Amino acid sequence: MDLMSHRAAGWSIRLRLKSDNSRIENLFRDCLTAFTWRGQETEEIIRLRHALSVSDCLIAQEKQAGLVGFLVLERPKAYVSHLFVDADWRLCGVGSGLLAVARDLARAPLSLDVDVQNDFAMRAYKAMGWVEKVGTNPTRPEQKRLTGP
Ligand SMILES: CC(C)(COP(=O)(O)OP(=O)(O)OC[C@H]1O[C@@H](n2cnc3c(N)ncnc32)[C@H](O)[C@@H]1OP(=O)(O)O)[C@@H](O)C(=O)NCCC(=O)NCCS
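What comes next is a walk through the structure. Please read all numbers here as calculations on a predicted model, not as lab measurements.

Applying the stated criterion across every chain yields a total of six aromatic pairs. Here phenylalanine 28 and phenylalanine 84 contribute two aromatic rings whose centre-to-centre distance is 5.0 Å and whose plane-to-plane angle is 85°, an arrangement assigned as edge-to-face. With phenylalanine 28 in helix α1 (residues 21-32) and phenylalanine 84 in strand β5 (residues 79-85), this residue pair connects regions lying 56 residues apart in the sequence. Its relative accessible area of 0% is what places phenylalanine 28 among the buried residues. Feature note: the residues Phe28, Phe35, Trp37, Phe70 and Phe84 constitute an aromatic cluster, connected by ring pairs.

Right under this line is the structure:
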């Protein structure tokens, strides 16, 4: 069942099925190539697999392109551990669509951590009205905690 759809852009959002997992990993691997500051890809994949096994996951898809984005939500904490949109599908509303559906599911303002080097994502969050939370987690100085509207 679609939870949101964007007629003009052609994408829709639904809950993940197990059969989506390999496409989610492929999209994640593609996006990670731009995260040159991050460590081993294998560790990131292990973290993603764990997150998928314990959290809710939304996927955005388009008929021709297939999977174009995904978001992993720790619903009780309203915390987004992963949000990735295919590079060819950015600036088409997919990221904000995934966050809007996650916000509805969590029934609370969302939070997430963004790498300090990730200027591109930071600009996107600022455009969407996210703000930096005061007293960022001192155990993870390499990231900033943001909260959504
Ligand atoms: C960050 C990311 C999820 C944003 O997704 P997206 O689908 O491109 O975002 P949207 O198209 O929904 O854009 C939402 C708003 O942000 C703006 N925006 C998006 N990226 C932007 C950027 N780099 N600079 C300035 N504004 C930006 C859009 O113009 C839009 O503003 P509007 O509502 O005023 O029109 C996407 O760029 C991405 O996957 N990046 C790589 C992975 C990543 O860094 N993930 C975040 C980990 S914390």
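It is worth spelling out the site of the ligand at this point. Close to the ligand lie 20 residues; Leu83, Val85, Gly95, Ser96 and Asn118 are nearest. Here an oxygen atom of the ligand and a backbone polar atom of valine 85 are 2.8 Å apart. The backbone of glycine 95 places a nitrogen or oxygen atom 2.8 Å from an oxygen atom of the ligand. Against a free-state accessible area of 920 Å², the protein chains account for coverage of 76% of the ligand. Those elements that provide at least two residues to the shell around the ligand are β5, α3 (94-106) and α4 (119-127). With six residues, α4 is the largest single contributor of residues to the shell around the ligand.

Next up on the list: unusual backbone geometry. With a phi angle near 65°, leucine 91 is a residue other than glycine that sits in the positive phi range. Judged by its relative accessible area of 85%, leucine 91 falls in the exposed class.

This paragraph deals with the environment of asparagine 118. Among the secondary structure elements, asparagine 118 is positioned in the loop between β6 (111-115) and α4. Take asparagine 118: its relative accessible area is 12%, and that puts it in the buried class. Between the C-alpha atom of asparagine 118 and that of valine 131, which follows or precedes it by 13 residues, the distance is 15 Å. Dropping the residues within four chain positions of it, asparagine 118 is found in contact with Phe35 and Trp37.

This paragraph deals with the pairing of strand β3 (residues 56-62). Burial runs high along β3: five of the seven residues are buried. Pairing geometry for strand β2 (residues 11-15) and β3, over five bridges, is antiparallel. What sits directly across from tryptophan 11, in β3, is glutamate 62. Pairing of β3 with strand β4 (residues 66-74), which is carried by seven bridges, proceeds in the antiparallel orientation. Looking at the pairing, glutamine 61 lines up with leucine 67 of β4. The hairpin formed by β3 and β4 contains three residues between the paired strands.

Reading the values: rules and limits
- Residue numbers here run from 1 along each chain, matching the order of that chain's written sequence.
- Selection of residues for local features in this predicted model requires a pLDDT of at least 70, selection of side-chain atom pairs for listing and counting requires 80 or more, and totals for whole chains, interfaces and linings are taken over all residues.
- Calculated side-chain values reflect all of the structure's heavy atoms, with hydrogen atoms and water omitted.
- Only Phe, Tyr and Trp rings take part, Trp by its six-membered ring, and two of them pair if their centres are within 6.5 Å. Stacked means planes under 30 degrees apart, edge-to-face means over 60, and tilted covers everything else.
- Each helix is a run of DSSP H or I of at least 4 residues and each strand a run of E of at least 2, with the numbering of both proceeding from the N terminus.
- Exposed residues in this analysis have more than 50% of their type's maximum accessible area, buried residues have under 20%, and partly exposed residues fall in between, with area computed by a 1.4 Å probe over protein chains only.
- Any residue with a heavy atom positioned within 4 Å of a molecule or strand is treated as near that molecule or strand.
- Polar contact is the term for a pair of N or O atoms within 3.5 Å; when the atoms are in protein, one must be able to donate a hydrogen and the other to accept it, and sequence-neighboring residues count only if both atoms are side-chain atoms.
- Method for areas: the Shrake-Rupley scheme with a 1.4 Å probe, in which residue coverage is limited to the protein chains shown.
- By the convention used here, residues are in contact when the closest approach between their heavy atoms is within 4.5 Å.
- In this scheme, strands are said to pair when DSSP sees at least two bridges between them.

This is a description of form; function is not addressed.
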